[in-house]
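Now for the letters of each chain:
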Amino acid sequence: MLNHYKKKYYNHPERPKLLERKIPKLDCLWNDVVHFLPVQPYFVYKTLKDLGVNISSQLQFYKIPITSLEHNQNVMYLYEKESYKGPASAIGEDQIHIINSSNYKELATLPAATIEYFEEQHHKGEKRFGMFHYIPHILSLGEVNIANAEVIRWNRPPE
């Protein structure tokens, strides 16, 4: 399974360097943490579908309450277009913010830079591109209990 996961990092010449990327404030590597989105996947699906991108409607995600991460070290990686220099570049300390259940807030929309990226890639005729580009990431160092996780389909609007 680990080799299958790592395979996705070899579809671009710079992506293998992500495996060595350090996460400021957590003192660990990119592949040492569990990655989460702070936004409902439906917003990604709807934006791509509205652009006419041919995507599956069957993708499923775990919706994990932030409280399930309380025993971990958690940060929000802002992943801002202005600061992002590619997968091989270092993450700036200013792009990482420590979060917990009391200061976490889910995003209600996709960042404008994400929508612009989707539009550009689709207009260029790209068939494969990053679905979570320029969306902040929650990076969690530690184990994740999925006992209270809900399985959701990304083509269904949040309730």
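That block above? That's the structure.
The shown structure was predicted, so the numbers you read here are calculated from the model rather than taken from an experiment.

Novice: Help me understand the overall build of the protein chain in this model?
Specialist: When helices and strands are counted, the protein chain shows three helices and eight strands. Each of the 159 residues in the protein chain was classed as buried or not, and the buried ones make up 35%. Once local pairs closer than 6 in sequence are excluded, the contacts in the protein chain between residues at least 24 apart make up 75%.

Novice: Help me understand the nonpolar core, please; the structure alone is not making it clear to me.
Specialist: Nonpolar side chains tend toward joint burial in soluble globular proteins. By size, the foremost hydrophobic cluster in this structure holds 28 residues, and its most contacted members are I23, L48, Y77 and L139. Of all elements in the fold, only α2 (41-51), β5 (73-77) and α3 (112-123) reach the threshold of two or more residues within this core. If we skip the residues at most four places from it in the chain, L139 touches I23, L26, W30, V33, V34, H35, Q73, N74, V75 and Y77. Judged by nonpolar contacts, the second largest core, of six residues, contains I66, L69, I99 and I138.

Novice: Mind showing me how you'd approach unusual backbone geometry here?
Specialist: Its identity as a non-glycine residue notwithstanding, D27 has a phi of 55 degrees, on the positive side. Along the chain, D27 falls in the loop between β1 (22-23) and β2 (28-29). For D27, a relative accessible area of 77% puts it in the exposed group. Phi at Y134 takes a positive value of approximately 65 degrees, unusual for a residue other than glycine. Within the secondary structure, Y134 sits in the loop between α3 and β7 (137-141).

Novice: Got a minute to help me understand the packing of α2 against α3 in this structure?
Specialist: Geometry of a packed helix pair, given as the angle between the helix axes and the separation of the axes. The contact between α2 and α3 brings their axes to 10 Å, and the two run at 35 degrees. Helix-helix and strand crossings are classified by hand; for α2 and α3 the assignment is right-handed. When α2 is examined against α3, the residues V44, T47, L48 and L51 are found in contact with a partner set consisting of I115, F118, E119 and H122. In the contact of α2 with α3, the residues fall into five nonpolar, two polar and one charged.

Procedures and definitions
- Here the residue numbers are simple positions, counted from 1 along each chain's written sequence.
- Predicted model: local features are reported for residues with pLDDT of at least 70 only, side-chain atom pairs are reported and counted for 80 or more only, and whole-chain, interface and lining totals are derived from all residues.
- Values reported for side chains reflect all heavy atoms of the structure, with hydrogen atoms and water molecules removed beforehand.
- The helix count covers DSSP runs of H or I at least four residues long, the strand count covers runs of E at least two residues long, and both are numbered beginning at the N terminus.
- Throughout this description, buried means an accessible area under 20% of the type-specific maximum (1.4 Å probe, protein chains only), exposed means over 50%, and partly exposed covers the range between.
- Contacts were defined at the residue level, with two residues in contact if any of their heavy atoms lie within 4.5 Å.
- Definition of nonpolar core: a set of buried residues of the types Ala, Val, Leu, Ile, Met, Phe, Trp, Tyr and Cys, connected through side-chain atoms within 4.5 Å.
- Structural elements are reduced to axes, namely lines fitted to C-alpha atoms, with helices fitted over the stretch in contact, and the angle between N-to-C directions of any two is expressed from 0 to 180 degrees.
- By definition, any crossing whose near helix is turned counterclockwise from its far helix by less than a right angle is left-handed, and any crossing with a clockwise turn is right-handed.
- Classification convention: Asp, Glu, Lys, Arg as charged; Ala, Val, Leu, Ile, Met, Phe, Trp, Tyr, Cys, Pro as nonpolar; all other residues, Gly among them, as polar.

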